[in-house]
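Here is what each chain is made of, one letter per residue.
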Amino acid sequence: MQVTVLSGAGISAESGVPTFRDVETGLWAKVDPYEISSSQGWQAHPEKVWAWYLWRHYMMESVQPNNGHLAVAAWQDHAQVHVVTQNVDNLHERAGSRNVYHLHGSLFEFRCDACGSPFEGDLPAMPEPVASADPPQCPCGGLIRPNVVWFGEALPEDAWQRSVDAVTNADVVIVVGTSSIVYPAAGLPELALANGTPVIEVNPERTPLSDAATVTLRETAASALPGLLQRLPALLR
Ligand code: APR
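Residues numbered from 1 in each chain as written. Predicted model: local features only at pLDDT ≥ 70, side-chain atom pairs only at ≥ 80, totals over all residues. Heavy atoms only, no water.

## Here's the deal with the overall build of the protein chain
Item 1. A count of helical and extended segments in the protein chain gives nine helices and eight strands.
Item 2. Its C-alpha atoms give the protein chain a radius of gyration of 18 Å, near enough to 18 Å, the size a compact globule of 237 residues would have.
Item 3. Its C-alpha atoms give the protein chain principal-axis dimensions of about 60 × 35 × 30 Å.
Item 4. Looking at the protein chain as a whole, 51% of its 237 residues are labelled buried.
Item 5. The contacts of the protein chain with a sequence gap of at least 6 include a subset with a gap of at least 24, amounting to 67%.
Item 6. Charge centroids of the protein chain, computed over 13 positive and 26 negative side chains, lie 5 Å from each other. (Helix = DSSP H or I, 4+ residues; strand = E, 2+ residues; numbered from the N terminus. Rg over C-alpha atoms; globule rule 2.2 N^0.38 Å. Buried < 20%, exposed > 50% of the residue type's maximum accessible area, 1.4 Å probe, protein only. Contact = heavy atoms within 4.5 Å. Lys, Arg positive; Asp, Glu negative; His and termini not counted. Charge placed at Lys NZ, Arg CZ, Asp CG, Glu CD.)

Below, the structure is given as structure tokens:
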């Protein structure tokens, strides 16, 4: 059996990583998303954007995968599992998932914004969030940026193609912890449904996917995912 998981920030919420749009805790409640996560913002003030991403990079060292990430990794003993994630954290990998495709890039990869060369140097330390920090420079003169996908930028072609294949070949797609409003990622469950593949949504809140999903569970990732594989036959009957 092939299980494809499409995850968003909500799967990392119970690890203590703020989601993007939860108003009371969302990181973006404190900063303007278009200021911090866009190529325009980077062009206008790279030092603010660099500081915010570097802090999120280091913040990941203090959080652990939760039972949701661990359940998805454990499913690999019983099924072929592919993880398509919108998250830029590495919690799926740290939980043990082997096939993880980052549609929106990663906090753990950096590159030059001019020549595109991967940055392998040492990152400056950042024990506490600061409002501004100068990004390292590439020998070509460009600035080092995080390898994340900003608003207005194209998704990584390889990750996208692997994600489409994983959804197309899935026997079931489990959509967990995403508001399902950012395309093209939000189009993947629609592709599954159009192929007649069952889609199970796990989210404590309703989303635009909830009505179309085969099953929608008003549960959190850490509570629903550990027992979900065993529940599949009953859920999909
Ligand atoms: N378990 C499951 N879902 C949860 C939990 C939880 N414990 N806590 C919150 N959620 C749900 C929220 O109800 C919400 O629907 O997770 C979702 C988080 O939505 P967003 O904050 O919008 O995050 P996401 O869907 O990943 O955003 C998609 O938007 O800004 C871009 O690039 C960014 O990758 C991000 C994309």
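## With respect to the pairing of strand β1 (residues 2–7)
Item 1. The buried fraction of β1 is high, at six of six residues.
Item 2. The alternating pattern of β1 places Gln-2, Thr-4 and Leu-6 on one face and Val-3, Val-5 and Ser-7 on the opposite face, and all of these are buried.
Item 3. Strand direction decides the pairing type here: β1 and strand β2 (residues 80–85), joined by six bridges, are parallel. Bridging across to β2, Gln-2 finds its partner in Gln-80.
Item 4. Across five bridges, the pairing between β1 and strand β6 (residues 172–176) is parallel. Of the residues in β6, the one forming a bridge with Leu-6 is Val-175. (Pairing = 2+ DSSP bridges.)

## Quick notes on the packing of helix α7 (residues 157–168) against helix α8 (residues 187–194)
Item 1. Relative orientation of the contacting elements α7 and α8 amounts to 35 degrees, with a least axis distance of 9 Å. Crossing angle aside, the handedness with which α7 passes α8 is right-handed. Within the contact between the two elements, α7 uses Trp-160, Ser-163, Val-164, Val-167 and Thr-168 and α8 uses Leu-188, Leu-191 and Ala-192.
Item 2. Here the residues of the contact of α7 with α8 are counted per class, giving six nonpolar, two polar and no charged. (Axes fitted to C-alpha atoms, helices over the stretch in contact; angles between N-to-C directions. Left-handed = near helix turned anticlockwise from the far one by under 90°. Nonpolar A, V, L, I, M, F, W, Y, C, P; charged D, E, K, R; others polar.)

## Some points on unusual backbone geometry
Item 1. A cis amide bond links Tyr-183 with the next residue in sequence, Pro-184, at an omega value of 5 degrees.
Item 2. Position of Pro-184 relative to the elements: it lies in the loop between β6 and α8.

## Re the packing of helix α5 (residues 67–74) against helix α9 (residues 221–235)
Item 1. Across the interface, α5 lies against α9 with an axial gap of 7 Å and an inter-helix angle of 20 degrees. Here α5 lies roughly parallel to α9, going by the angle between them. Two packed elements cross with a definite hand, and for α5 against α9 that hand is left-handed. Judged by residue contacts, Asn-67, Gly-68, Ala-71 and Val-72 of α5 engage Ala-221, Ala-222, Leu-225 and Pro-226 from α9.
Item 2. For the contact of α5 with α9, the per-class residue count stands at six nonpolar, two polar and no charged. (Parallel < 35°, antiparallel > 145°, perpendicular 65-115°, else oblique.)

## Examining the sheet that holds strand β3 (residues 100–102)
Item 1. Strand order in the open sheet formed by six strands is β3-β2-β1-β6-β7-β8, and the pairing between neighbours is parallel. Here the strands that pair on one side only, and so sit at the sheet edges, are β3 and β8 (215–217). Ignoring which end each strand starts from, the neighbouring axes of this sheet average 15 degrees apart.
Item 2. Its contacts with the sheet place α8 against β1, β2, β6 and β7 (199–202), and it is angled at close to 145 degrees to β7.

## Description of the packing of aromatic side chains
Item 1. Applying the stated rule across the entire model yields four aromatic pairs.
Item 2. The structure contains a cluster of three or more aromatic residues connected by ring pairs, namely Trp-42, Trp-52, Tyr-53 and Trp-150.
Item 3. Between Arg-145 and the ring centre of Trp-150, over which it is positioned, the NZ or CZ distance is 3.8 Å. (Phe/Tyr/Trp six-rings, centres within 6.5 Å; stacked < 30°, edge-to-face > 60°. Lys NZ or Arg CZ within 6 Å of the ring centre and 35° of its normal.)

## So, the pattern of salt bridges
Here the idea is simple: oppositely charged side chains can pair when their charged atoms come close.
Item 1. Scanning all chains against the criterion turns up four salt bridges.
Item 2. Across the pair Glu-153 and Arg-145 runs a salt bridge whose closest N-O atoms are separated by 2.8 Å.
Item 3. Judged by relative accessible area, which is 4%, Arg-145 ranks as buried.
Item 4. Of the charged contacts, one joins Asp-158 and Arg-162 as a salt bridge, the two residues approaching to 2.9 Å between their closest N and O atoms. Residue Asp-158 and its partner Arg-162 are located together in helix α7, separated by four residues, close to a single helical turn.
Item 5. Its relative accessible area of 49% is what places Asp-158 among the partly exposed residues. (Salt bridge = Lys/Arg side-chain N within 4 Å of Asp/Glu carboxyl O.)

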